[in-house]
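Structural overview
Here is what each chain is made of, one letter per residue.
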Amino acid sequence: MSQSAVLRVAITGTLIALGMVTTASPALAAPNLQLPFPCGQQWRLDTWAHAPALDMVKEPDQHGTDGATLVAPAAGTVNQSFYHSNAGNVIQINHGGGYFTTYLHLESRAVSVGARVSMGTTIGRVGKTGPTSNGHPHLHFELGYDADGSGSASWGTAGSERVRPTFNGVTYGGSNGQTWRNVTSRNCSSPGLDAPAMMRDDGDGSMTIYRWTSSGSAFGRASDYTSGGWTMSNTGDRVASGDVDGDGKDDVVAAYQNSDGTFSFHVWKNGVSYAGKWYTSGPYALGPVDGRLVVADFNGDGKAEPAMMRDDGDGSMTIYRWTSSGSAFGRASDYTSGGWTMANVGDRVASGDVDGDGKDDIVATYQNSDGTFSYHVWKNGVSYAGKWYTSGPYALGPVDGRLVVADLTGDGKAEPAMMRDDGDGSMTIYRWTSSGSAFSRASDYTSGGWTMSNVGNRVASGDVDGDGKDDIVATYQNSDGTFSYHVWKNGLSYAGKWYTSGPYALGPVDGRLVLGNW
């Protein structure tokens, strides 16, 4: 039997088991996809009898299909990663705008639910798992549109939400029985690595956003942005980063107090291209917000949006929230607490997907009256989920604002870590893990000589080495007037200094350090 006949038999078996499908009718533009294989590889694409879904085998003779590296065709968030009784290992990625890509019969899965991926990120390996593969190695690929608003795209059964995919500007899957030979992958962008950026007061009524790139083992200087008129006291430490336009690259957001009593969110795409004001409020004083601005994807649509925790001045607080259209922020529903003393929190507020549902959450540390502290969690920034951890005696003062929430273990769930001044010329990074409903203590890191005043609150987290696990970065003012970026892989293993500057005072940066994939 010919190879194509063998493959046709395999796919026919799949259709019998999974059923024929109909096509959903999307209302928004589909994501810009590249073939889900490393740059330059050539693959054969077939619709067989299940258009617009595609089955893919490696050219020229299918050898090398089994175990082939599978990479993300566009940026997104993993919302399914599991073993299916018929389809074998399955991954689905949410690319925003209602679009999802689904991958069946994988030999292995390299990502968990909640993992953020960039174009080119390895997500698994092609295989022949599940009885509907009929033992024939191939990738069954589907682009789906969530027509019913369920939060995912159905696949592989009658009435599922498949639509025609476009790779590198060419649309495939128009009808059954189509074959495309020697389709070359243009998935040539290396997965982005997170790198630091700092917003620094120039002292002359302007500011500069200084940026770096990451090689995976060191930071190198990148192009900067310098503003026109900018009064840094109107911003304070209200600077954060996230992918607000859904292009797979992070952006910088700052909240600025206007002279008329309103405030505006300013956006710099990729941290360097000024995109203007994305929102201007009515009367609203930013002072009670202090540095409690976070930017994260709270609704799971692939675009990050800002939220601010503000002291109401009456023993309560409100988390103010916005959504992102990709070019502007619009107001969303808020959360208002009962009894809450903001002085017990300070600036220890951060965001991350602590329950692994593909949507970010807000975490705050609160100093209790008995000398313990608790981690409070708000799912998606608006639904209070209670205390996820309460410590023994532990003073939060030596932590100051050095709380991060990140996926330090690579399990798809973010967890908190705090850098605390030990008071003896050393510091400890205290770490926790997340079960999805509570935090538990993990192993810590304790330094040798370390002067915390040389760091201030310039501590942030992101995946700087591309291993799928977040890391911690701190800027340290050296005694010779330079500064260094120190890195702790996965928040625990000290990786040394990744960059040392020329003369550069960190004081005008204050706490305005962010990490992002620029």
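Calculation notes
- Residues numbered from 1 in each chain as written.
- Predicted model: local features only at pLDDT ≥ 70, side-chain atom pairs only at ≥ 80, totals over all residues.
- Heavy atoms only, no water.
- Helix = DSSP H or I, 4+ residues; strand = E, 2+ residues; numbered from the N terminus.
- Pairing = 2+ DSSP bridges.
- Axes fitted to C-alpha atoms, helices over the stretch in contact; angles between N-to-C directions.
- Phe/Tyr/Trp six-rings, centres within 6.5 Å; stacked < 30°, edge-to-face > 60°.
- Buried < 20%, exposed > 50% of the residue type's maximum accessible area, 1.4 Å probe, protein only.
- Lys NZ or Arg CZ within 6 Å of the ring centre and 35° of its normal.
- Lys, Arg positive; Asp, Glu negative; His and termini not counted.
- Salt bridge = Lys/Arg side-chain N within 4 Å of Asp/Glu carboxyl O.
- Polar contact = N/O pair within 3.5 Å; in protein donor to acceptor, adjacent residues only side chain to side chain.
- Contact = heavy atoms within 4.5 Å.
- Core = buried A, V, L, I, M, F, W, Y, C linked by side-chain atoms within 4.5 Å.
- Domains from an automatic or database assignment.
- Buried area = accessible area lost by both parts, 1.4 Å probe.

Some details on unusual backbone geometry
Here the bond from Ala 51 into Pro 52 is cis, since omega is 10°, no more than 30 degrees from zero. Mapped onto the fold, Pro 52 is located in the loop between strand E1 (42-46) and strand E2 (54-58). With omega at 5°, the peptide bond leading from Glu 59 into Pro 60 counts as cis. Turning to its location among the elements, Pro 60 is positioned in the loop between E2 and strand E3 (69-71). The backbone phi angle of Asp 290 is positive, close to 55°, even though this residue is not glycine. Within the secondary structure, Asp 290 is located in the loop between strand E22 (273-280) and strand E23 (293-296). Phi is positive for Asn 490, close to 55°, though the residue is something other than glycine. With respect to the secondary-structure elements, Asn 490 resides in the loop between strand E39 (483-489) and strand E40 (493-500).

With respect to the sheet that holds strand E31 (residues 383-390)
Spatial strand order, E28-E29-E30-E31: four strands in an open sheet with antiparallel pairing. Lying at the two open borders of the sheet, with one neighbouring strand each, are strand E28 (349-352) and E31. Direction aside, the axes of adjacent strands within the sheet are offset by 25° on average. Looking at chain direction, strand E30 (residues 373-379) and E31 are connected through six bridges and run antiparallel. Across the sheet, the residue bridging to Ser 374 is Thr 390, located in E31.

Things to note about the packing of aromatic side chains
Scanning the entire structure with this criterion turns up 51 aromatic pairs. Relative to Trp 268, the ring of Trp 230 lies with its centre 5.6 Å away and its plane at 70°, an arrangement referred to as edge-to-face. Taken together, the residues span a long stretch of sequence, with Trp 230 in the loop between strand E18 (225-226) and strand E19 (239-242) and Trp 268 in strand E21 (residues 263-269) at a distance of 38 residues. Judged on exposure class, the residue Trp 230 and its partner Trp 268 are both buried. Each ring, one from Phe 263 and one from Phe 265, has its centre 5.1 Å from the other, and the planes form 85°; the classification is edge-to-face. An aromatic cluster is built from Tyr 210, Trp 212, Phe 219, Phe 483, Tyr 485, Trp 498, Tyr 499 and Tyr 504, whose rings are joined through pairwise contacts. A cation over a ring is seen here: Arg 441 above Trp 432, with NZ or CZ 5.0 Å from the ring centre.

Brief notes about the side chain of Asp 471
Within the secondary structure layout, Asp 471 lies in strand E38 (residues 471-477). For the buried Asp 471, which has no salt bridge, the nearest side chain bearing the opposite charge is Lys 489, at an N-O separation of 6.8 Å. Among the polar contacts listed, one links the side chain of Asp 471 to the backbone nitrogen of Val 464, at a separation of 2.9 Å. Here the side chain of Asp 471 touches Asn 490 through a polar contact of 2.8 Å, landing on its backbone nitrogen. Ignoring sequence-local partners within four residues, the contact set of Asp 471 consists of Leu 408, Ala 460, Ser 461, Gly 462, Asp 463, Val 464, Asp 465, Trp 488, Lys 489, Asn 490 and Gly 491.

Regarding the sheet that holds E21
As summarised here, the arrangement of the four strands in space is E19-E20-E21-E22, forming an open sheet in which the pairing is antiparallel. Only two strands of the sheet have a single partner each, and these edge strands are E19 and E22. For this sheet, the mean inter-axis angle between neighbouring strands, taken without regard to orientation, is 25°.

With respect to the pattern of salt bridges
The full count for this structure, using the stated rule, is 14 salt bridges. Arg 221 is the partner of Asp 224 in a salt bridge, and the nearest nitrogen-oxygen pair spans 2.5 Å. Among the residues examined, Asp 224 registers a relative accessible area of 30% and is labelled partly exposed. Look at Arg 221 and you get partly exposed, because its relative accessible area is 38%.

Overview of the nonpolar core
Within the largest apolar cluster, 31 residues are counted, with the highest numbers of intra-cluster contacts made by Leu 45, Met 56, Tyr 103, Ile 123, Leu 139 and Phe 167. Sorting elements by how many residues they give to this core places strand E10 (residues 139-145) first, with four residues. Contacts of Ile 123, omitting those with residues within four sequence positions, involve Leu 70, Val 71, Ala 72, Ile 91, Ile 93, Tyr 103, Arg 109, Ala 110, Val 111 and Val 117. With 19 residues, the next largest nonpolar core counts Ala 255, Phe 265, Tyr 279 and Ala 304 among its residues.

Observations regarding the domain arrangement of the protein chain
Domain assignment breaks the protein chain into domain 1 (41-185) and domain 2 (195-516). Taking the mean C-alpha position of each, domain 1 and domain 2 sit 35 Å from one another. Each partner contributes residues to the interface: domain 1 has ten residues there, and domain 2 has twelve residues. In total, domain 1 and domain 2 occlude about 680 Å² of area from one another, counting both sides; carbon and sulfur atoms represent 42% of this. For Arg 116, the salt bridge is made with Asp 360, and the minimal N-O distance between the two is 2.7 Å.

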